[in-house]
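Summary of the model geometry
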Amino acid sequence: MASKANGSGSSGTTIGTGVLLEWKNLSVSVRSNKAGQRQQWYGRPGHQQRKEIVILENASGAVRSDNLVAIMGPSGAGKTTLLAAISMRITGSTTVHGKVLINGLYVTRTQMKRLTGFVPQYDIALPSLTVGEHLSFASKLKNVGYVAVLRIVNELGLQGCWTTRIQHLSGGERKKVNLAGELLTEPDILFCDEPTTGLDSYNAASVMATLQALCVSGRRAVVCTIHDPPSQVFQYFTDVILMQETGTILYQGPTVSMRAFFSSIGRTLPERGNPADFYFQLVSPGANVFAGPEAEQAIRQHQIIQKAHRENIARKCLMTRYHQSKIIQKLANYRHRVCWMRQLQILLHRTALHSIRNIGEYLTVTGIFLFTSIVIASLYFEVRPISQTAIQDIRGALFLMISELVYTISYGVFYTFPSEMPLVRREVGEKTYNLSVYYAHKAVLSLPRAFLESFLFIGVIYAFVGFTGGFETYCYMSLVSGGASVLAMAYGYLLSCTTGTMTMAIEASNIVFLAFMLLGGLYLNLRAFPVLKYLSFFFFASEGVSVYYWLPVQDIPCDVMRPNGTITTIPDRACLASGLAVLQDAGYATTYEELHLNYAIMATEILIVHLVAYGLLRNFVRKAGFY
């Protein structure tokens, strides 16, 4: 699909510096999973397979340096499918057949991602970061020097918004920031999905002028999908691929040749008006492109497609040979990837900065969280182990404290993966960092939050409820609660990765956490569940705080005051005369040393749950695809 020769003439490109992208007989199909849609099967009985729906069939074409190509067509015509197929970004359950070559070389999906850039339709940055911070983190992850960042910023005209947060940028500026992130690795081909969507005519023209500048002098090729561009946008395209609703190609070639081509088949472009509107009407749903019987119309349509393909092949044969040494050398010298630990360090820094920028929201949530601890403290104000009736109150205070703490902390992570999934799929799909690094940095950042909120929550209750231990007891209770909170967050990640949505994660947690709470020791005697109890983070926290609270308590009176004012002494066999007796009655550990086993099991369980959650997240991302 080239309109000029790639020589040393007017294009200014020297031999061997150009890039030629070719796709041959590309077909894309997908298995339908829509509810209520009738499934079709094929194959002999016992070996049947579900019939796939063909989205794109036998598409062929080529793009070379200095081409700015528009893939046009109505919604559902397969524009994004064609773009994803030729850029080799399609994953998941979609099936792709055909060949994709760069300068005559067959490339793998990984090699394609190293040589090209892909700019999706949606924003791909944390909104609280400034433009400079976003590009700085991107350059570090892609192992690109700071000088290259400044050069791209100047090239795209982003100097004025370098210190502006992305959430405060205009739509056109955000599109340019997305472009800047992809240009860091200097790709030979740039794919853009709907680069003007959501923009007014001025910003849309500004973005297209930027894309045109990237193609000047044969520097690179740019392929865009676009719905129905205005005339000031359409004029920037050098080539057009016009697709119908059925996924077939009606025209494929230079923009300047479209008028003559459609005039030759009886469709003359009006002298006035937007030419893109005219071409879009030809492929709109229900449009009657040709008059005559259906058979004649089908023959004419087939002739149109064949003519476009023949013209495209003829133009490619006239082009100067593209050298393969440049592509091979670039793949061999690819260094745009940093090591695992460096990726982890960069992601930790980026997410920490994003969290600091949203500290107001976190403080509000934490304030509401601590208000719950104030309510609990007021209900059990100055409750002390000075009578048999106080034992039940203290048990309730300890268990309610643990329940509210671990429940709230675990629920706080349910929104993490669903809300960040578009960004994760995008960056992992482009090999910016490993998915394991992303999960690891989330798990690491959960540690300080779990322990900080445990110390704050328990500290409020410890100050107002009549706990008899000193500061050391408070620290031990907070630490064991923090460890159980880390396990609760791991289960939260697990449920979130299993269901994929925050709503389903919360619904599933209601059942799972209810079972765990029953194993905490307040509602069931733990002697009946000697092994199963170790699955519950409620158990680890409840037993830990109970041991640290009750063991120092040496004497609890066996006298009980009745409502009428009389005092009754409880028999020794029914009296819990010490903290040790209270622990034995609940089935908890009776020494500090016994808690060491809990710590070891809890640490092992945290690791195992995180590994399972990561495996589920990896499977979910692969199944959903990266775009």
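Structure shown above.
Here's what I pulled together on the structure shown here. Predicted model, so just to flag it, every value in this text is computed and none were measured.

With respect to the helices, strands and loops of the structure, Leu595 is situated in helix α21 (residues 595–624). Along the sequence, Leu595 and Val480 sit 115 residues apart, while their C-alpha atoms lie 9.6 Å from each other. For Leu595, the contacting residues outside a window of four places in its chain are Glu543, Gly544, Val547, Tyr548 and Ala589.

With their axes 11 Å apart at the nearest point, helix α19 (residues 537–550) and α21 run at an angle of 155° to one another. Relative to α21, the element α19 lies roughly antiparallel. Read as a crossing pair, α19 and α21 show a hand that is left-handed. For the pair α19 and α21, the contacting residues are Phe539, Phe540, Glu543, Gly544, Val547 and Tyr548 in the first and Leu595, Asn598, Tyr599, Ile601, Met602 and Glu605 in the second. In terms of residue class, the contact of α19 with α21 is built from eight nonpolar, two polar and two charged.

Our focus in this paragraph is the state of the cysteines. By the definition in use, this model includes one disulfide. Shown here is the disulfide that connects Cys558 with Cys575, its sulfur atoms set 1.8 Å apart. One quick way to see it: the torsion about the S-S bond of Cys558 and Cys575 is about -85°, and its sign makes the bridge left-handed. Separated by 17 residues along the polypeptide, Cys558 in the loop between α19 and β13 (559–561) and Cys575 in the loop between β14 (567–569) and α20 (579–586) bring together distant segments of the chain. Overall, the relative accessible area of 17% leaves Cys558 in the buried class. The cysteine Cys192 is free of any disulfide, with Cys224 supplying the nearest cysteine sulfur at 4.4 Å. Judged by relative accessible area, Cys192 falls into the buried class, the value being 2%.

Quick notes on the rules
- The written sequence of each chain sets the order in which its residues are numbered from 1.
- Local features in a predicted model are, by the rule used here, given only for residues with pLDDT of at least 70; side-chain atom pairs are given and counted only at 80 or more, and totals for whole chains, interfaces and linings are based on all residues.
- Excluding hydrogens and water, the side-chain values take into account all heavy atoms of the structure.
- Going along the chain from the N terminus, every DSSP run of H or I of four or more residues is numbered as a helix, and every run of E of two or more is numbered as a strand.
- In this analysis, two residues are considered to be in contact whenever any of their non-hydrogen atoms come within 4.5 Å of each other.
- Lines fitted to the C-alpha atoms define the axes, with helices restricted to the stretch that makes contact. Angles between their N-to-C directions range from 0 to 180 degrees.
- By the definition adopted for this analysis, an angle is roughly parallel if under 35 degrees, roughly antiparallel if over 145, roughly perpendicular if from 65 to 115, and oblique otherwise.
- Two helices cross in a left-handed way if the nearer one is turned anticlockwise from the farther one by less than a right angle. They cross in a right-handed way if the turn is clockwise.
- Here the nonpolar group is Ala, Val, Leu, Ile, Met, Phe, Trp, Tyr, Cys and Pro; Asp, Glu, Lys and Arg are the charged ones; every other residue, Gly included, is treated as polar.
- Pairs of cysteine sulfur atoms within 2.5 Å are identified as disulfides in what follows.
- Working definition: with a 1.4 Å probe on protein chains only, accessible area under 20% of the residue-type maximum means buried, over 50% means exposed, and in between means partly exposed.

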